[in-house]
Amino acid sequence: MAAVVASLSLCYSARPNLLLRSFSRPKHRTMAAMSDDPIREWILTEGKASQITKITSVGGGCINLATHYHTDSAPFFVKTNRSIGPEMFEGEALGLEAMYETKTIRVPKPHKVGALPTGGSYIIMEFIEFGSRGSQAELGRKLAEMHKAGKSSKGFGFEVDNTIGSTPQINTWSTDWIEFYGEKRLGYQLKLLRDQYGDTAIYQKGYTLIQNMASLFENVVIEPCLLHGDLWSGNIAYDKNSEPVILDPACYYGHNEAEFGMSWCAGFGESFYNAYFKVMPKEEGFEKRRDLYLLYHYLNHYNLFGSGYRSSAMSIIDGYLRMLSA
């Protein structure tokens, strides 16, 4: 039932929502000369730099502006958005921090989130110098180690709602994965499609699938693992030592297999999966569930980019309805 779609290099970054954390709380500004530039202020105080030597633009994003600050202490990577408040970057910072704390795969450490005085918001994080492409096996192994280390006692979900691209991603905690994935992932996307495009056909068939998909999870033990949530080629890089780095997360705790939902746009090869499953063994029925996790992202691409993704999503739904005789 593998869906067929042209592989497009579509860029988007996670946009989590509503979080109060120590690194995101605005601080009282005592340096009046820099009060109109909170990014500069932080770098020259808490960032422990005495001089910013150069500021260069970094390409690749389509939602936020990205900048590399060169200083006499450490380099910093800064993203800004002139139209969205700090809640977007606060959620991203929480996801990065959660992955960073597993001490498994490399992610940029978040430093500061705040509001821009003229409107909008920013995030300051560790700057990682990228190098040549590294080993897919190492990527698979370290991703599996993150899934193994990052667990939640609260169940499936996350501390905040966030976004997948610019689509809201609801992360209210649940102890039932099938219910969570059906309601908060597939169901939410289907409702958006019905409301945005009036597509009642895919809505109705999709909900029939949700109501009948439990059998795909028989004899499977599902633990809430920390997921990057939006793992495609644009969010994977390698540092100057060829170690894998993952970026721009849409984190939540979920079934580890859901991490492969963007595999059609990630280029994972056999060495990646072999290394991954040595750490996180493949569960019974993995192949039968694989397209179910692709479906979430095809639905999201339909919502974000239009009906070019409809046929791929519908073919997955129709295939499952035939398989489940629903």
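In the block above lies the structure referred to throughout.
Criteria and thresholds
Residues numbered from 1 in each chain as written. Predicted model: local features only at pLDDT ≥ 70, side-chain atom pairs only at ≥ 80, totals over all residues. Heavy atoms only, no water. Helix = DSSP H or I, 4+ residues; strand = E, 2+ residues; numbered from the N terminus. Buried < 20%, exposed > 50% of the residue type's maximum accessible area, 1.4 Å probe, protein only. Phe/Tyr/Trp six-rings, centres within 6.5 Å; stacked < 30°, edge-to-face > 60°. Lys NZ or Arg CZ within 6 Å of the ring centre and 35° of its normal. 1 Å grid on protein atoms, 1.4 Å probe; cavity = no way out; pocket = protein on both sides within 12 Å on 5 of 7 lines; lining within 4 Å. Points joined across faces, edges and corners; volume = space filled by probe spheres on them. Nonpolar A, V, L, I, M, F, W, Y, C, P; charged D, E, K, R; others polar. Pairing = 2+ DSSP bridges. Axes fitted to C-alpha atoms, helices over the stretch in contact; angles between N-to-C directions. Contact = heavy atoms within 4.5 Å. Polar contact = N/O pair within 3.5 Å; in protein donor to acceptor, adjacent residues only side chain to side chain.

Enquirer: Just give me the short version of the environment of N300, but keep the residues and values in it.
Expert: Mapping N300 onto the fold places it in helix α7 (residues 286–305). A residue is classified by how much of its surface remains accessible, and N300, at 0% relative accessible area, is buried.

Enquirer: Summarise the packing of aromatic side chains; cite the residues concerned and give the values.
Expert: Taken as a whole, this structure holds 26 aromatic pairs when the rule is applied. Relative to Y276, the ring of F260 has its centre 5.0 Å away and its plane inclined at 80 degrees; by these criteria the two rings are edge-to-face. Taken together, the residues span a long stretch of sequence, with F260 in the loop between β11 (252–254) and α6 (270–279) and Y276 in helix α6 at a distance of 16 residues. By relative accessible area, F260 is classed as buried at 2%. Grouped by ring-pair contacts, the aromatic residues F156, W177, F180, Y181, Y252, Y293 and Y296 constitute a single cluster. Geometry around Y252 places R185 over its ring, the cationic atom sitting 4.1 Å from the centre. For the cation-ring pair, R290 lies above Y273, with the distance from its terminal atom to the ring centre recorded as 4.7 Å.

Enquirer: How would you sum up empty space enclosed by the protein? Please name residues and give values.
Expert: In this structure the tally under the stated criterion is 1 cavity of 30 Å³ or more. Taken together, the residues of the lining of the largest cavity break down into 4 nonpolar, 1 polar and 2 charged.

Enquirer: Lay out the sheet that holds strand β2 (residues 65–71) with the relevant residues and their values.
Expert: As summarised here, the arrangement of the 5 strands in space is β1-β2-β3-β5-β4, forming an open sheet in which the pairing is antiparallel. Single-partner strands in this sheet number two, and they are β1 (52–58) and β4 (110–115). Taking each pair of neighbouring strands and ignoring which way they run, the sheet shows an average axis angle of 20 degrees. Contacts from helix α2 (residues 87–101) reach β3 (76–81), β4 and β5 (121–126), with the element oriented near 20 degrees to β5.

Enquirer: Break down the side chain of D239 for me, with residues and values.
Expert: Its location among the elements puts D239 in the loop between β9 (236–238) and β10 (244–246). Here the side chain of D239 touches N241 through a polar contact of 2.8 Å, landing on its backbone nitrogen. What D239 contacts, discounting residues up to four positions off in sequence, is R106, I128, E129, F130, G131, S132 and V245.

Enquirer: Residue-level account of the pairing of β4, with values.
Expert: Across a regular strand the side chains alternate sides, sitting on one face of the sheet and then on the other. Pairing analysis gives 5 bridges linking β4 to β5, with the strands arranged antiparallel. Directly across from K112, in β5, lies its bridge partner I124.

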